[in-house]
Each structure stands twice: as C-alpha cells, then as structure tokens.
Amino acid sequence: MASNREAHWEKTHSLMVLTLAIWFFFSMVIFMFGHEINGIKFLGYPLAYYMSAQGSLAAFVILIFWSSGKQNQIDEEHGFGESEE
Amino acid sequence: MFKGKFTDNLPKIYGTYTGGFLVFCLLMALLEKNGVSAKTIGILFLAFTILIYAIIGVLSRTMQVDAYYVAGREVPTVFNGMATAADWMSGASFVAMAGGIFYGGYVYMAFLVGWTGGYVLVSSLLAPYLRKFGCYTVPDFIGTRYGGNAARLCAVLVLVLASFTYVTAQINATGTIASRFLGIPFGVGVWVGLLSILLCSMLGGMRAVTWTQVAQYIVLIIAYLIPIFWISWKDGFGIFPHFQLGTEVQRIAALEAQYGLVKNSAAAIKAAGVPGGLSYISTPHSGVAPGAMNAWKYISLAICMMVGTASLPHILMRYFTTPSVKSARRSVAWSLFFIFLLYFSAPMLATLSKISLLDPNLKTGIIGKPIKEVMAIEWVKQWIAVKQAYIADFNKDGILQLNEWFMRGDVVVLATPEMAGLPYTISGLVAAGGMAAAMSTADGLILAIANALSHDVYYNMINPKADVAKRLIVARLLLVVIGALGAYIASMRLTGILGAVAWAFDFAMSGLFFPLVLGVWWKRANRAGAIAGMLIGLGVGTAYLVYVGPAFMAKTPILGVDHLRFGIPGALASLIAMVVVSLATKEPDAETQRMVDEVRVPSGKPILSKAH
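All of the points below concern the structure found in this document.

The rules behind these values
Residues numbered from 1 in each chain as written. Chains lettered and ligands numbered in written order. Predicted model: local features only at pLDDT ≥ 70, side-chain atom pairs only at ≥ 80, totals over all residues. Helix = DSSP H or I, 4+ residues; strand = E, 2+ residues; numbered from the N terminus. Rg over C-alpha atoms; globule rule 2.2 N^0.38 Å. Buried ≥ 20, exposed ≤ 12 C-beta atoms within 10 Å, placed from the backbone. Contact = placed C-beta atoms within 7 Å. Axes fitted to C-alpha atoms, helices over the stretch in contact; angles between N-to-C directions. Parallel < 35°, antiparallel > 145°, perpendicular 65-115°, else oblique. Nonpolar A, V, L, I, M, F, W, Y, C, P; charged D, E, K, R; others polar. Left-handed = near helix turned anticlockwise from the far one by under 90°. Expected span 1.5 Å × (residues − 1).

Next up on the list: the overall build of chain A. When its secondary structure is counted, chain A shows three helices and two strands. The C-alpha atoms of chain A give 18 Å as radius of gyration, which overshoots the globular expectation for 85 residues (12 Å, by more than 25%). In terms of overall dimensions, chain A has C-alpha extents of about 55 × 25 × 15 Å along its principal axes. Counting over 85 residues, chain A shows a buried share of 36%. Residue pairs at least 24 apart in sequence account for 62% of intrachain contacts in chain A once pairs closer than 6 positions are excluded.

What follows is the structure, given as structure tokens:
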C-alpha cells in the first residue's frame, strides 16, 4: 500500500515538473527573446505580439486540459480514481 | 418543466436564459428603431440584468452550512468554470484591459500572459489538493495543515488585505457604470451597485454567488464578443478577426512610423489643460524594445500576476465547490478556457479601435484630419464634454497629430461601438456586460472576506460552540458590513491612493503562495515556518511597496522592480523565511504527515468533514 502511494506520488510529481517546464517555456522563455522573434510573422502578426495576445494563452488552456487528463490516468492506474457521484 | 435534480437541468436552464437574453437584446434594438431614447435603453439593460441576478440570488437561499460556504459541493465542472471566469474577470478586465493594450501595446500585454498562466499553477500545485482537503476557506487549510490559531489568523490577515485592495476597485466600477447609465450621482451609484451585489450573495452565500456568476458570465462574454465581430464584419476586417488582423497590426506599426511616436513633456500637457487621467499613444502597438531590462520588465510583471493568481483566495475557494477532486482539476481547465475567450479578444478590440482611429483611408479615422472636422464628430463631442477625451493642438497647425489626441483608457471599450457607428443597443449591452463583470468579482471577494471572518475567526477562534443558525447570521452580517465598508471607501474616491488592482496580486503572493504550496508539496513544512513565511513575506513586500510606491517614498526601483511588482521581493522573503524556520524547528508530528499523505491521494474521505 505504502509503496503504491509512493509510486503514485512520484508520477504525480514528475507530471507536475513537466507541466511547469512547459509553462515556464510559454510564459517566460519566449518573452526573453521578444525582440529577437518579433521579426518572424505568424498569420501576419509579429511573433512575440502573437504569443502574448493568443499563442501562450492557448498553450496554457491546452496544457491544463492535457495535464489534468494525464493526472486522471495516473490516479486510475494506482487505484485512486474516484467513483463518479 | 424541469424534472429531476437541479444540477441535471443546468444546461437547459442556462440555455433558456441565454436565449431569453438574446431575445431581450433584439427587443431593445427594436425599441431603438422605434425611437425609444438611448437613456431608456441603457436603464432597461441594467435593470433587467440586475433583476435576473437578484431573482437567482433569492431562489438560491439556504440555511445549510455547506451550501452557504461551498455551494453544497455539487457544482458541475463546466459550470464551475464559467462561474470562476466571471469571478476572475473584473470590471478592470472588461473595461480597462483593451484600453491598457490600446495605450501600452506589447508591454501591457504581460498582464494577459500573467492572468492566464497563473491557472497552470492553480491546477498543478493547488486546486485538486485543497479540494481533497475539504476546507471551507483558504485560511481553513492553513489552520488545519499547520495547526493552531496563530497560523490561521495570519492567513486571514493576508486574505483580507489582498481581497480588500481589490474589492473597492470593483464597487467603484459598479458605481461608475450605474451612475453613467442610470443618470444618478456617483456617490449614489456606488450604493446602488452594492445593493445589487448583496442581493446576489446574502441569502444563499456561495451557492447563490455561483449561480449568479454563471448568469453574469453569459452576459459579459456576449457583451464583449458581439461588438468585436460586428465591427470586424462591418468594416471589412474579416469574418474571424482573431485570425485575420495580422495585416492591420502591421499597418498600425507603419502608421506609427509615419506619424511618429512623440512623447509630450509633462509641462506641455499641463499648459494645454489636458484633464487628469487621459492618455495618448506613445508606445508601439506590437513593437518589442530590445535589451535584457525590457524583457525582464515584461517577465517580472507576468510572474507577479501568475503567482498572485495562484494565491488569491476568492479564486481558490471556487474549486472547493466541485463534487470531486478530479472535477476540481478539470474545472480549472474550463475556467481558463472561458477566460481565454475574453482575453484573446481584448488585443483584437484594441487593434480594431486603433486602426479605426489611425488609418486616414477609413472614414472613421481622425488622426491627420483637420481638428475642426474632428471636433464636429458626434462621439468626439460627447466624450470631450464629459472630460474623457481631449484635443491639444501642440504644434498649432490645425491638424490632429497622434500625440495631440487624448482619451481615457477605459473609454476604449465603452466608446468603440460609437466610434464604429454601431446602434446604441450595443452600448447598452456593453454597459450590462461591464456591470456583470464588476458585480461578479465584487461578490466573490466580499464573500471570501466575510467567510474567512465568520468561519475562521468567529467560529474557529471566538465561539466554536455556535450553532448553525447563529454562524450563518454572523456570516451574513459580516457580508453587509464588509460590503458597506468597501462602498464607503469607494464613494470617497480614494482608489487612487489605495493603489492598483495589481497590488492585490502582490499582497497575495507575498503572504500566501509558499505557505499554501509547501503545505502540500513539502511535508517538512511546519507551523513556525508557515507563520514566518506569511508574516515576513507580507512584511518585506509591504516595506518594499512603501519604499518604491509613488504615493509613498517614491524611491528608484531596484532592478526595475517597481510598485506593481513588489510581490517579487515579498514572495522571495516568504520562501526563504519559511524554509529556514521550518528546518530550524521540529518537524511536524506524525499525524500531520499522515494528513499530507492523505491530501496527495484523490480518492477517499476529505480531511475535514462535510459540515465542520
């Protein structure tokens, strides 16, 4: 039981780290190079402008849906899934 | 008409409501066509929507503790997402954000990234675990995880400080809208706003606030999106503006280069008699300045808003209302989706508004035209009359230059429909949307404060033997008192001194972020550490605010960390204090460690019982 819990938490922990790494990329890394990437055009928008207006925002939405689905899988695998009420 | 459980009927109920609201909008358009005055339409829009919220509020009345504090934990995932989105998007998001982008361009858009990215932290670090815990309020978690009233009280202190900074701005916004569209003085408008806010929350607490917030979200998103799509279609910018304004963004950059972005000197602005609070365009719309300092300024603002989001109690408490841990996690995703719908539209609105004014080839354009001609335009006349817009002919050539056109940022959202020549019904709709946004956030904030005071201070510390009836009476009494205090301060128009909305985020992140996160993710965190983290974080953050704050000592910011970003030193101090003090004192007892283990597993009973 205890080891199952530990394994579950370990996986949860890794998922959290991965999620936050992607988050870090879209919220900070991109904007460290705002000036450099702004010359590139996406849909006609300068790239840094686009990421700030839509791109990163959409990435966050997708990221949370993805990671919550992934976490559910982890919970099910270890028998911690909740019965739907 | 509706059989079965209330929550099973929600899609039907809110579907009918949305349809009804659209029919109401059409009816207003019809009335306008038949010569009903603009003022009457504005009043009808506000009165009708507020009446609906009040009816929902009264129908959701309750005398049960868990219904009052956490809506009985039966709010379905998607609906909780909508309620959170309304809770989140304040009058500022609705009215001021597009205006901020209009003037600040890329630099201001750090707020967009900050106010959405924070939800990644909420979903992976906090929401599911706090839901598992089963707490009623955020201090409830701190008080139980770390044990003792001292920790609980510190959490209440941070909560009250952060939420109250935020709430006066919201009541202020309801007052502004009520006074402008109902034609009453601002001082009265504030109290009308408060009355409507309390009608939604007083009888049913969290349950009533939840169901009104869903209704408010529907109104505010319709009111925000319709004008954007309408203008884009009407002026031929594209069917789906979000994907088709690239050329307009480039065109704005070209026009900026052509007109030149001139900075006016403060003396020149003063000499020309420009009313206070108006801005002019002097920052590039999409251009990004080079250099590490500029990048750091953008990122540091985003960090403050993100970490602040994950520490704001009125947002976290929305995830206590879902039926399960899984649904709490999913609900964060839906919240961000609904928020995203408005936030990715705000830059488009700013772009449309800017190109309409700047481009001389469009008939809406005013820059580069003779001032005499511009002054004769109806909407320009109206906004100049109320001192929300101004023209100062600095170079005396009789032609309107880019740096000679002044307008209040808030006006961008409110006036864009008029600029583009849309019917007044749309302006009424926008007013109803702004009201919905301000009311829903104010409701959530006032409830967060009153619940912390009634549940954590009154019930847990002062009178643990109080029965349910007494607890709920105290909770409601506090709701009225907090609301009245907020309205009183708003009516004195002190908000300039009380500071920016951003401060609420900085206060919350300074005091609460690490005690909350480490409470789940670091077993070794103990009571002494948490108390040190909260007090030292809040203390250092506040001290730094006083040091750089323009209304206080106004010292030069260190490394560009100005008064909007004081959460950075605050949260850093909080982290260091918490780790050092926790390690220097005894580790938490076995029972607390078991509690943390239990929180990390989604299934099983919550830590705190259903009614506590």
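Moving on, we get to the overall build of chain B. The helix and strand inventory of chain B stands at 28 helices and two strands. In terms of C-alpha radius of gyration, chain B reaches 25 Å, essentially the compact-globule figure of 25 Å for 612 residues. Its C-alpha atoms put chain B at 80 × 60 × 40 Å along the principal axes. Scored against the burial criterion, the 612 residues of chain B give a buried share of 57%.

All names here are of chain B. Contact pair helix H24 (residues 502–511) / helix H27 (residues 567–584): the axes reach a minimum separation of 7 Å and the direction vectors enclose 10°. What the angle tells us is that H24 and H27 run roughly parallel. Contact residues: Phe505, Asp506, Met509, Ser510 and Gly511 in H24; Gly567, Gly570, Ala571 and Ser574 in H27. For the contact of H24 with H27, the residue count by class is three nonpolar, five polar and one charged.

The next thing to look at is unusual backbone geometry. The backbone of A:Leu43 shows a phi angle near 55°, a positive value even though the residue is not glycine. Structurally, the position occupied by A:Leu43 is in the loop between strand S1 (41–42) and strand S2 (45–46). Since 15 C-beta atoms lie within 10 Å of it, A:Leu43 is described here as partly exposed. We note that B:Leu559 has phi near 55°; this positive angle belongs to a residue other than glycine.

The next point concerns the environment of B:Thr283. Residues and elements named next belong to chain B. Among the secondary structure elements, Thr283 is positioned in the loop between helix H13 (266–271) and helix H14 (292–309). Remark: the alpha-carbon pair of Thr283 and Ala92, spanning 191 residues in sequence, is separated by 21 Å. If we skip the residues at most four places from it in the chain, Thr283 touches Tyr103, Gly104, Gly105 and Val107.

Another point: the interface of chain A and chain B. Between chain A and chain B, the contact holds 39 residues from the first and 44 residues from the second. Elements represented by at least two residues in the side of chain A that touches chain B include exactly helix H1 (2–32), helix H2 (34–37), S2 and helix H3 (47–77) of chain A. It is H3(A) that contributes the most residues to the side of chain A that touches chain B, 18 residues altogether. Considered class by class, the residues forming the side of chain A that touches chain B number 21 nonpolar, 14 polar and four charged.

The next point concerns the packing of helix H2 (residues 38–59) of chain B against helix H21 (residues 424–462) of chain B. Residue and element names in this part refer to chain B. Relative to each other, H2 and H21 sit at 35°, their axes nearing to 9 Å. At the point where H2 passes H21, the crossing takes the right-handed sense. Across the interface between the two elements, Ala38, Ile41, Gly42, Phe45, Leu46 and Thr49 of H2 pack against Tyr424, Thr425, Gly428, Leu429, Ala431, Ala432, Met435 and Ala436 of H21. Within the contact of H2 with H21, the residues separate by chemical class into 10 nonpolar, four polar and no charged.

Before going further, it helps to spend a moment on H21(B). When the terminal C-alpha atoms of H21(B) are compared, their 54 Å separation across 39 residues agrees well with the 57 Å that a helix rising 1.5 Å per residue should span. Counting buried positions along H21(B) yields 34 of 39 residues, so the element is predominantly enclosed.

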